[in-house]
Amino acid sequence: MLQETRLHRIRALLSTLSQVSTERIIKELGISRETARRDIIELEALGLARRVHGGLVALDTTPEPPLTVRSAVQAKEKRAIARAAAQRLLPGQTLFLDAGSTTTMLADELRSMSGLTIITNSLHAALKLSAAEEHETLNNEVILLGGSMMAGAQQTRGELTVGEIYRYRADVALLSPVGIDSKSGASSFYPHEAAIARAMTQQATQLILLADHSKLGITSRMVYATSSEISLLVTDSAATRQPAFTALQNKLPEIVLA
């Protein structure tokens, strides 16, 4: 039986039972314990289930909406956050920019600055930053990371993208997480996005998170930065009404309200 078929059958069991033991997988699929173990590891690596002692549990996290949808949600707050984040940057700095909705808005703000080197996997951000006539000189150097593309994606991803990130050192990584929590830190929904965010975090001197109030206290599937790795959180003023805000204030070095 092909692994793709096995994984499909295990996911079908999970959708019905919510939790399935290793013994049940072995019995239902007629496979060895070692094969079951490899399939369980693969499903977790793909972000499709979570390993627990003795088996797998289904994930009840809702997938993140597409970028076009996310950009329209809390748009006013995200624009203010992007402006506030831009004010913390200095000419001559090298920046990592991920493909989040708020960081894509940040690209508009960075166009008015000069002397920056901006490294990103976001096609939207790269196009915004390079919008000019052919004879004009750009204010900033823009580097678009290579990698794989998928249908509808507006970003590069995969091992090639992550590998390219490790070729650079940046002063600041500016990332837009799915959620930020005082205990778990910054997280993303998709494994490929978390891998990129993690690499950018490791290769930057500072980590600045751009997250509107709706993301506070949220932990998504893949944690990519602990609270101790976060230098600054830029959020909107409505964040002070969130129960998670005080805990984040006590945990993070600095929070800026836009």
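Residues numbered from 1 in each chain as written. Predicted model: local features only at pLDDT ≥ 70, side-chain atom pairs only at ≥ 80, totals over all residues. Heavy atoms only, no water.

Draft legend 1. The side chain of Thr156, seen in detail. If you trace the backbone, Thr156 turns up in the loop between strand E6 (141-144) and helix H8 (159-165). There is a polar contact of 2.9 Å between the side chain of Thr156 and the backbone oxygen of Leu145. Sequence-distant contacts of Thr156, that is, excluding residues within four places in its chain, are made with Asn121, Leu123, Leu145, Gly146, Gly147, Ser148, Met149, Thr161 and Ile196. (Helix = DSSP H or I, 4+ residues; strand = E, 2+ residues; numbered from the N terminus. Polar contact = N/O pair within 3.5 Å; in protein donor to acceptor, adjacent residues only side chain to side chain. Contact = heavy atoms within 4.5 Å.)

Draft legend 2. Quick look at the nonpolar core. Counting residues in hydrophobic clusters, the biggest one holds 30 residues, and the most contacted among them are Phe96, Leu175, Ile180, Met200, Leu209 and Tyr224. Every element with two or more residues in this core is listed here: H8, strand E7 (170-175), helix H9 (191-202), strand E10 (204-210), strand E11 (222-225) and helix H10 (244-251). Counting residues per element, this core draws most heavily on H9, at five residues. Not counting the four nearest positions on each side in its chain, Ile180 is found in contact with Gly185, Ala186, Leu209, Ala211, Lys215, Leu216, Gly217, Ile218, Ile230, Leu233, Leu248 and Leu252. Membership of the second largest hydrophobic core comes to 24 residues, among which are Leu97, Leu106, Ile118 and Leu129. (Core = buried A, V, L, I, M, F, W, Y, C linked by side-chain atoms within 4.5 Å. Buried < 20%, exposed > 50% of the residue type's maximum accessible area, 1.4 Å probe, protein only.)

Draft legend 3. Seen up close, the packing of aromatic side chains. Evaluation of the coordinates by the stated rule reveals one aromatic pair. Consider the rings of Phe189 and Tyr190, whose centres lie 4.8 Å apart with planes at 85°: the pair is edge-to-face. For Phe189, a relative accessible area of 5% gives the class buried. On the accessibility criterion, Tyr190 (28% relative accessible area) is partly exposed. (Phe/Tyr/Trp six-rings, centres within 6.5 Å; stacked < 30°, edge-to-face > 60°.)

Draft legend 4. View of helix H6 (residues 101-110). Burial runs high along H6: nine of the ten residues are buried. Along H6, the residues classified as buried are Ser101, Thr102, Thr103, Thr104, Met105, Leu106, Ala107, Glu109 and Leu110.

So, to be careful, I would describe these as geometric facts and stop short of saying anything about function.
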